[in-house]
Amino acid sequence: QVQLVESGGGLVQAGGSLRLSCAASGRAFSSNAMTWFRQSPGKEREFVAGNHYSLSSAYYADSVKGRFTFSRDNAKDTIYLQMDSLKPEDTAVYYCAVGTVRYSQLTNTDAYDYWGQGTQVTVSS
């Protein structure tokens, strides 16, 4: 059984930074895709950043490109999301997700088998 536990959320002023962590147990790191999604009140869950085994580098949503950085530490079975230059519109609950996913489905929430519980990120203006 795979378990994912996020941490690192909090309240930050616009322009600030946070680093989210997602610690995995079980066989999570044998999955071929590991990603971050987010969901704001009244909105659908959306893809933020992630990595697929077929990619040489992480893939980002246009809204966070250049500000967020996805990384993973295989020795610690942990993935990270470094968030810089945060904006109020980044306010959301952030979730990590892993699964065996086709590259074409990387940004599709329905494609993932396992999800963390979420961590709240609030950016004040």
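The coordinates are above.
Right, let's walk through the structure included here. (Residues numbered from 1 in each chain as written. Predicted model: local features only at pLDDT ≥ 70, side-chain atom pairs only at ≥ 80, totals over all residues. Heavy atoms only, no water.)

A count of helical and extended segments in the chain gives zero helices and eleven strands. Along the chain, helices and strands appear, N-terminal first, in the series β-β-β-β-β-β-β-β-β-β-β. For the chain, the C-alpha radius of gyration of 13 Å lies close to 14 Å, the compact-globule estimate for 125 residues. The principal-axis extents of the C-alpha atoms in the chain amount to approximately 40 × 30 × 25 Å. Within the chain, buried positions represent 45% of all 125 residues. Partitioning the contacts of the chain with sequence separation of at least 6, the portion at a separation of at least 24 is 60%. In the chain, 11 positive and 11 negative side-chain charges are present, and the distance between their average locations comes to 3 Å. (Helix = DSSP H or I, 4+ residues; strand = E, 2+ residues; numbered from the N terminus. Rg over C-alpha atoms; globule rule 2.2 N^0.38 Å. Buried < 20%, exposed > 50% of the residue type's maximum accessible area, 1.4 Å probe, protein only. Contact = heavy atoms within 4.5 Å. Lys, Arg positive; Asp, Glu negative; His and termini not counted. Charge placed at Lys NZ, Arg CZ, Asp CG, Glu CD.)

Here the focus is the pattern of salt bridges. A complete count under the given rule lists four salt bridges for this structure. A salt bridge links D90 to R38, with the nearest nitrogen and oxygen atoms 3.0 Å apart. With D90 in the loop between β8 (78-83) and β9 (92-99) and R38 in strand β4 (residues 33-39), the pair connects residues that are 52 residues apart, well separated along the chain. Like D90, the residue R38 is buried in the burial classification. Of the charged contacts in the structure, one is a salt bridge between D90 and R67, with a shortest N-O distance of 2.8 Å. Remark: R67 occurs in the loop between β6 (59-60) and β7 (68-73) and D90 occurs in the loop between β8 and β9; sequence separation between them is 23 residues. (Salt bridge = Lys/Arg side-chain N within 4 Å of Asp/Glu carboxyl O.)

For the rest of this paragraph, the subject is the environment of T119. Checked against the element boundaries, T119 lands in strand β11 (residues 119-124). Sequence spacing of T119 and S7 is 112 residues, and the spatial spacing of their C-alpha atoms is 6.2 Å. Of the polar contacts made by the side chain of T119, one reaches the backbone nitrogen of G9; its length is 3.2 Å. (Polar contact = N/O pair within 3.5 Å; in protein donor to acceptor, adjacent residues only side chain to side chain.)

Quick look at the side chain of T35 now. On the secondary structure map, T35 appears in strand β4. In this structure T35 touches F47, A49, G50, N51, F70, I79, Y95, C96, A97, L106 and Y112, once residues within four positions along its chain are discounted.

This next bit is on unusual backbone geometry. Within the chain, D77 stands out as a residue other than glycine whose phi angle is a positive 50°. With respect to the helices and strands, D77 occurs in the loop between β7 and β8. Residue class for D77 comes out partly exposed when judged on its relative accessible area of 30%. Look at S85: it is not a glycine, yet its phi comes out positive at around 50°. The exposure class of S85 is partly exposed, given its relative accessible area of 40%.

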